[in-house]
Amino acid sequence: MAITTQVSDLTTDTIRVLVADASGPGRLQSRQQLQGSGGCTVVAEAVTAKQAVAVAAFEQPDVVVLHPELPNEDGIDLVAELEARLPRTAVLIDLGNPAGLADAVQRVARPAAPGWI
């Protein structure tokens, strides 16, 4: 529900998205799915958790889509840091990869992550 509220409060028709995934094919797939659905523009990509924080601070995206496993820091642990630095940005965990899905779902279910896709 928090994500719906944030997205509905946007003043533009396009949702600006940062995709953070260590996998090049994973980033490409996310970009194609998000931009292909209409209404979303991927404004930046990040490969590591550290890069995701820096790029998010610079770009100020509406949404950050994180893969749960990033170099330097766990993507799920990164949720709290991004929410603290960018309170108006929705943060989603991309669980599209079935490997480790059950563990990731349990970890995402904690209150820090408002949603997962």
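Above: the structure in question.
A brief report on the enclosed structure follows.

The rules behind each value
- Residues numbered from 1 in each chain as written.
- Predicted model: local features only at pLDDT ≥ 70, side-chain atom pairs only at ≥ 80, totals over all residues.
- Heavy atoms only, no water.
- Helix = DSSP H or I, 4+ residues; strand = E, 2+ residues; numbered from the N terminus.
- Buried < 20%, exposed > 50% of the residue type's maximum accessible area, 1.4 Å probe, protein only.
- Contact = heavy atoms within 4.5 Å.
- Areas by Shrake-Rupley, 256 points an atom, 1.4 Å probe, with all protein chains shown as cover.
- Salt bridge = Lys/Arg side-chain N within 4 Å of Asp/Glu carboxyl O.

### Section: the overall build of the protein
Each helix and strand in the protein was counted, giving five helices and six strands. Ordered by position in the sequence, the α and β elements of the protein form the string α-β-α-β-α-β-β-β-α-β-α. Classification of the 117 residues of the protein by burial places 39% in the buried group. Taking the intrachain contacts of the protein between residues at least 6 apart in sequence as the baseline, contacts between residues at least 24 apart amount to 65%. About 6,400 Å² of surface is accessible on the protein, with carbon and sulfur atoms providing 55% of the total.

### Quick look at the pattern of salt bridges
All told, the structure shown has four salt bridges when counted by the stated rule. Note that R16 is salt-bridged to E59, the shortest N-O span being 3.2 Å. Here R16, found in strand β1 (residues 15-20), pairs with E59, found in helix α3 (residues 49-59); they are 43 residues apart in sequence, far enough to count as distant. With relative accessibility at 28%, the residue R16 sits in the partly exposed group. Its salt-bridge partner being R85, residue E81 comes within 3.3 Å of it at the nearest N-O pair. Remark: R85 and E81 occur in helix α4 (residues 75-85); sequence separation between them is four residues, near one turn of the helix. Exposure remark for E81: the relative accessible area of 26% places this residue in the partly exposed category. Of the residues examined, R85 reaches a relative accessible area of 54% and is grouped as exposed.

### Some remarks on unusual backbone geometry
The phi dihedral of Q60 is positive, around 50°, even though this residue is not glycine. Following the sequence through the fold, Q60 ends up in the loop between α3 and β3 (63-66). Residue classification places Q60 among the partly exposed residues on the basis of a relative accessible area of 45%.

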